[in-house]
Amino acid sequence: RAAIDGTVQLTGGDATIAAASDTSSTVKALPAGAGVTSTGDLGFGASVALNLITDKASAEIGDAGTLTGARNLTLAATATDAATTEARMGAAGGKVALTPAVAVTLSNVTTRTRIGTGALSLTGALAATATQKASATTAATAGAYGATSAGIGVALALTIANHTVTTELARS
């Protein structure tokens, strides 16, 4: 967060408030080799990958913030986020082979510029931009092989992405 929450007095210069975030997150739950091999009754292998991302980039003048004497004001917030999540598992042999693989990505990315309700005095231009490039990739693979009675492979890949970009002016 880059912000003015108090009082800033300039004598005719330009003011720039900029915030930037650049993150990447990779989570993998992978088997050793091909997975689990059993010669008994049950071949069981499970894999779970959980990727939690919370990122905020904010450039603002807060509600109690005051900026006077500036010519031009530039607010810029930029966020670049990439999330990759993978779960993979295999089970083989036995009478029954059972293998669940679950991959979940919860991505919360917020990018904003804001001018609150405080005092602002400019003699020039106001430019406010919020830019976001966020991605979330989630994959799950499960395989059950060579069981004599039943082979069950269940894979779930779930992405919940809450990505917001806002520019707000809380004054007239």
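In this text the structure is predicted, and so the values were computed from the model without any measurement.

Caption draft 1: Geometry of the pattern of salt bridges. Applying the stated rule across the entire model yields nine salt bridges. Between R112 and E60 there is a salt bridge, with the nearest N and O atoms lying 3.2 Å from each other. Taken together, the residues R112 in strand β9 (residues 96-115) and E60 in strand β6 (residues 47-61) connect sequence positions 52 residues apart. On the accessibility criterion, R112 (26% relative accessible area) is partly exposed. Across the pair E168 and R114 runs a salt bridge, and its minimum N-O distance is 3.4 Å. A residue pair is termed long-range when its members are at least 10 positions apart, and E168 in strand β12 (residues 150-169) and R114 in strand β9 qualify at 54 residues. Given the relative accessible area of 36%, E168 is considered partly exposed. Sharing partners across several salt bridges, the network here consists of R1, D5, E60 and R112.

Caption draft 2: Representation of the sheet that holds strand β7 (residues 66-70). An order of β2-β7-β10 is seen for the three strands of this open sheet, with the pairing classed as parallel. Taken across any chain shown, the strands that pair with only one partner, and hence form the sheet edges, are β2 (7-9) and β10 (120-122). Strand-to-strand twist in this sheet, taken as the mean axis angle between neighbours without regard to direction, amounts to 10 degrees. Looking at chain direction, β2 and β7 are connected through three bridges and run parallel. Opposite V8, over in β7, you have L67 as the bridge partner.

Caption draft 3: The arrangement of the environment of T166 in detail. The topology assignment puts T166 in strand β12. On the basis of relative accessible area, T166 is assigned to the partly exposed category, the value being 37%. Linking T166 and T131, residues 35 residues apart in sequence, is a C-alpha distance of 8.8 Å. Aside from chain neighbours lying at most four places away, what touches T166 is T111, R112, T113 and A130.

Reading the values: the criteria
- Residues numbered from 1 in each chain as written.
- Predicted model: local features only at pLDDT ≥ 70, side-chain atom pairs only at ≥ 80, totals over all residues.
- Heavy atoms only, no water.
- Salt bridge = Lys/Arg side-chain N within 4 Å of Asp/Glu carboxyl O.
- Helix = DSSP H or I, 4+ residues; strand = E, 2+ residues; numbered from the N terminus.
- Buried < 20%, exposed > 50% of the residue type's maximum accessible area, 1.4 Å probe, protein only.
- Pairing = 2+ DSSP bridges.
- Axes fitted to C-alpha atoms, helices over the stretch in contact; angles between N-to-C directions.
- Contact = heavy atoms within 4.5 Å.

The analysis is restricted to geometry; functional conclusions fall outside its scope.
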